[in-house]
Amino acid sequence: MNPHAKLISLLSLFLGTTITISSNHWVMAWTGLEINTLAIIPLISKSHHPRAVEASIKYFLVQATASALVLFSSISNAWVTGQWDITQMTHPTSCLLLTTAIAMKLGLAPFHFWFPEVLQGTSLTTALLLSTIMKFPPMTILLMTSHSLNHTMLVSLALISAALGGWMGLNQTQTRKILAFSSISHLGWMAIIITYSPKLTILTFYLYILMTTAVFLSLNTTKTLKLSTMMTSWTKTPVLNASLMLTLLSLAGLPPLAGFMPKWLILQELTKQEMTVTATIISMLSLLGLFFYLRLAYYATITLPPNSANHMKQWHINKTTSTLTAILTSLSITLLPLTPMMFATL
Amino acid sequence: MSYLVFFLGLCFVLGVLAVASNPSPYYGILGLVVGSVAGCGCLLSLGMSFVSLVLLLVYLGGMLVVFVYSVSLAADPFPEAWGNWRVWGYGMGFLLVVFVGVVVGGLMELEMGGVRTVDCGGPVSVRMDFSGVAMFYSWGVGMFLVAGWGLLLTLFVVLELVRGLSRGTIRAV
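Quick caveat, the model's predicted, so the values are computed rather than measured. (Residues numbered from 1 in each chain as written. Chains lettered and ligands numbered in written order. Predicted model: local features only at pLDDT ≥ 70, side-chain atom pairs only at ≥ 80, totals over all residues. Heavy atoms only, no water.)

J.: Can you walk me through the overall build of chain B in this structure?
T.: Secondary structure assignment for chain B yields six helices and zero strands. Shown N-terminal to C-terminal, the secondary structure of chain B runs as helices and strands in the order α-α-α-α-α-α. In chain B, which comprises 173 residues, the proportion classed as buried is 20%. In chain B, 62% of the contacts between residues at least 6 apart in sequence involve partners at least 24 apart. (Helix = DSSP H or I, 4+ residues; strand = E, 2+ residues; numbered from the N terminus. Buried < 20%, exposed > 50% of the residue type's maximum accessible area, 1.4 Å probe, protein only. Contact = heavy atoms within 4.5 Å.)

J.: I keep staring at the overall build of chain A and nothing clicks. Help me out?
T.: On a plain count of helices and strands, chain A comes out with 16 helices and zero strands. The C-alpha atoms of chain A give a radius of gyration of 20 Å, which matches the 20 Å a tight globule of 346 residues would have. Along the first, second and third principal axes, the C-alpha set of chain A runs to 70 × 50 × 35 Å. Counting the 346 residues in chain A, one finds 56% classified as buried. (Rg over C-alpha atoms; globule rule 2.2 N^0.38 Å.)

J.: Sorry if this is basic, but what is going on with the interface of chain B and chain A here?
T.: The interface of chain B with chain A comprises 19 residues on the first partner and 21 residues on the second. Of all residues in chain B, Leu-153, Glu-160 and Thr-169 of chain B give up the largest surface area on contact with chain A, accounting jointly for 27% of the area buried on that side. Between chain B and chain A we count zero salt bridges in total. The interface formed by chain B and chain A contains two residue pairs in polar contact (both at pLDDT 80 or more). Taken together, the residues of the side of chain B that touches chain A sort by class into nine nonpolar, six polar and four charged. (Buried area = accessible area lost by both parts, 1.4 Å probe. Salt bridge = Lys/Arg side-chain N within 4 Å of Asp/Glu carboxyl O. Polar contact = N/O pair within 3.5 Å; in protein donor to acceptor, adjacent residues only side chain to side chain. Nonpolar A, V, L, I, M, F, W, Y, C, P; charged D, E, K, R; others polar.)

J.: Just to check I follow, could you spell out unusual backbone geometry for this structure?
T.: Glycine aside, negative phi is the norm for most residues, and most peptide bonds take the trans geometry. The residue after Ala-109 of chain A, namely Pro-110 of chain A, is reached through a cis peptide bond having omega 0 degrees. By the element assignment, Pro-110 of chain A lies in the loop between helix H4 (92–106) and helix H5 (114–121).

J.: Help me out: how do you make sense of the side chain of Ser-182 of chain A in this one?
T.: Residues and elements named next belong to chain A. Assignment of secondary structure puts Ser-182 in helix H9 (residues 175–192). Its relative accessible area of 0% is what places Ser-182 among the buried residues. Setting aside residues up to four positions removed in sequence, Ser-182 forms contacts with Tyr-208, Leu-251 and Tyr-293.

J.: How do you make sense of the side chain of Ser-243 of chain A when you look at a structure like this?
T.: Note on placement: Ser-243 of chain A falls in helix H12 (residues 238–252). Classification of Ser-243 of chain A as buried rests on a relative accessible area of 19%.

J.: Whenever I open this one, empty space enclosed by the protein confuses me. Can you help?
T.: With a probe scaled to a water molecule rolled over the atoms, the places where space remains empty come into view. Residues and elements named next belong to chain A. Under the defined criterion, the tally for this structure stands at three cavities of 30 Å³ or more. Space inside the largest cavity adds up to approximately 90 Å³. In terms of lining residues, the largest cavity is bounded by 14 residues, among which Ser-185, Lys-263, Ser-286, Gly-289 and Tyr-293 are the most central. Those elements giving two or more residues to the lining of the largest cavity turn out to be helix H8 (151–169), H9, H12 and helix H14 (276–301). Ranked by residues supplied to the lining of the largest cavity, first place goes to H14 with six residues. (1 Å grid on protein atoms, 1.4 Å probe; cavity = no way out; pocket = protein on both sides within 12 Å on 5 of 7 lines; lining within 4 Å. Points joined across faces, edges and corners; volume = space filled by probe spheres on them.)

J.: Can you walk me through the confidence of the model for chain B in this structure?
T.: Note: predicted coordinates in regions of low pLDDT should not be interpreted at a detailed level. Residues and elements named next belong to chain B. Chain-level statistics for chain B give a pLDDT mean of 82 and a share of 86% at 70 or above. Helix H6 (residues 141–162) holds the highest mean pLDDT among the elements of chain B, 93, whereas helix H4 (residues 85–112) holds the lowest, 77. Overall fold confidence for the complex sits at a pTM of 0.88, while the interface term, ipTM, reaches 0.87. (pLDDT = per-residue confidence, 0-100.)

J.: Quick question: what am I supposed to make of the state of the cysteines here?
T.: Here is the idea: a disulfide is a covalent bond, and it sits between the sulfur atoms of two cysteines. Scanning all chains against the criterion turns up zero disulfides over all chains. No disulfide involves Cys-11 of chain B; its sulfur sits 9.0 Å from the nearest other cysteine sulfur, which is in Cys-42 of chain B. (Disulfide = S-S within 2.5 Å.)

J.: Honestly, the domain arrangement of chain A in this entry has me stumped. Any pointers?
T.: Residues and elements named next belong to chain A. Domain boundaries assigned for chain A yield domain 1 (1–144) and domain 2 (150–346). With centres defined by C-alpha atoms, the gap from domain 1 to domain 2 works out at 23 Å. Of the residues lining the interface, 27 residues belong to domain 1; the matching set on domain 2 comes to 36 residues. Across the interface of domain 1 and domain 2, roughly 2,700 Å² is buried in total on both sides, 82% from carbon and sulfur atoms. Across the domain 1-domain 2 interface, the total number found is zero salt bridges. There are four residue pairs in polar contact (both at pLDDT 80 or more) connecting domain 1 and domain 2. Counting only elements with at least two residues in the side of domain 1 that touches domain 2, the list comes to H4, H5, helix H6 (124–131) and helix H7 (136–144). Of the residues that constitute the side of domain 1 that touches domain 2, the class distribution is 16 nonpolar, 10 polar and one charged. (Domains from an automatic or database assignment.)

J.: How do you make sense of the pattern of salt bridges when you look at a structure like this?
T.: Working definition: two side chains of opposite charge can pair if their charged atoms are close together. All names here are of chain A. Counted under the stated rule, the structure contains three salt bridges over all chains. Among the salt bridges present, the one from Lys-58 reaches Glu-54, with a minimum N-O distance of 2.8 Å. One end of the pair, Lys-58, and the other, Glu-54, are both in helix H3 (residues 50–81), four residues apart, so they sit about a helical turn from each other. We note a salt bridge from Lys-58 to Glu-117, for which the minimum N-O separation is 2.4 Å. Of this pair, Lys-58 sits in helix H3 while Glu-117 sits in helix H5, and the two are 59 residues apart along the sequence. Looking at Lys-58, the relative accessible area reads 26%, which means it is partly exposed. Sharing partners across several salt bridges, the network here consists of Glu-54, Lys-58 and Glu-117.

J.: What exactly am I supposed to notice about the UniProt feature "transmembrane region" (unreviewed entry) in chain A here?
T.: All names here are of chain A. In the numbering adopted here, UniProt assigns the feature "transmembrane region" (unreviewed entry) to residues 57–76, 96–115, 151–171, 178–196, 202–219, 239–261, 281–302 and 323–343. Measuring from the first to the last C-alpha atom of residues 57–76 gives 29 Å, for a span that is 100% helix and 0% strand. Along residues 239–261 one finds 70% helix and 0% strand; the C-alpha atoms at either end are 25 Å apart. (UniProt positions renumbered as here; feature names shortened; annotations may be inferred.)

J.: Looking at this structure, I do not really get the nonpolar core. What am I missing?
T.: Within soluble globular proteins, side chains that are nonpolar tend to cluster in buried spots. All names here are of chain A. Trp-26, Ile-40, Tyr-59, Leu-130 and Ile-192 are the most contacted members of the largest nonpolar core, which totals 105 residues. A total of 13 residues in this core trace back to one element, the largest contributor, which is helix H10 (residues 198–221). Setting aside residues up to four positions removed in sequence, Trp-26 forms contacts with Val-70, Ser-74, Trp-84, Asp-85, Ile-86, Met-89, Leu-98, Ile-141 and Thr-145. (Core = buried A, V, L, I, M, F, W, Y, C linked by side-chain atoms within 4.5 Å.)

Dropping the structure here:
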């Protein structure tokens, strides 16, 4: 891609994210969201493959509709209450409309249909950008208005997201689609606790970004786009595959890895709020996701796959070690003992 | 006078209905023209002359013209027109939606407090439209810069998307 166009797109992405995160007025929040939508379109379609172009069109249509809904909810709230403050969203219809709009922006079920296809149409690094940075502004808006949102709607969106993220990820062989469905189910966990304890949503969000960045960067090192590639990538980077197994299990939420921390604290908070049935349902639905994470982890460390390579580890590797991947992988595996500190400081 | 404002509002809704049920863009744009002229008329009735003029100039005189030129370059020889049965279906469907909305809105108004005019509610400070423009250059300069960058970014994004003839994003070029 043209370096100047790439620079403008990336700078505008950061500008849009910063504007939305630091805004108090609805129009500024909407402006930041629109700048983000526009700036990422050339990045999604940068390979000029028809699938990438289709992904960029789908992304644009969904995000533009969601931005329009954000604008409708903020204008209707301003009409009724006379002010445009994001934290003072008091009209219930506006809150409902806003929840729908943010669910579309994030990819919460039942507005998730665009997410796996958009992620599949782009490269691994752009998919990482879509899963992490592009979730910041809508999540921030949800957190800022969390005290006035409808509990029932968010809990039902969260349960449907966890269910669909788990079930639809089971039949996937493409790693980007698997990570898309993992994102959908993690967003379900974030949404279920936001009206009870927004701090836990922030914690889940940050940990999710940490773990998924580690996974995406590890997959990007070996360009693992499908499961069959993953079965033979141990010959190129055996240690990275071993650590990828642990990072994937952390993403699945297995103790004693770091991914267990948000699930544990969320289940504890849900139990305190007398929502034990909900807590049971969402943890059972996460078991579906565990199956495909285990399958991925197994394929990452298997040494006698069906499509075998005819050599052991390659003698010459031209992949330099990436410090960022190393740091993120270590953090996403070993962060669990720091739970008291992380929960207290958020 | 209120009949005129009501008529303009009706034209606005019908214009938007025509856009929504359009057979092809060449005919849908007619509904857009009618709708935006009627919307500008409603703005005039509220006393916001400057914003209405700017809207007419930029929307109809700028964006519509560019749209017409670009669409005429890519026109198909036999587009669908207004007389198709499919168009009638869409049109009647949207008319039903409008009718239901009016009835429900009428019921809501009757139970909340009687007949209202167009400018009876909402933020009052919106009426000072020309001083708003001055605000844009003084207190609101941050928003001005951000809005300007957003529009410039749209240009860059479109240029990047159509760059490269058939090796680029749009294969049909």
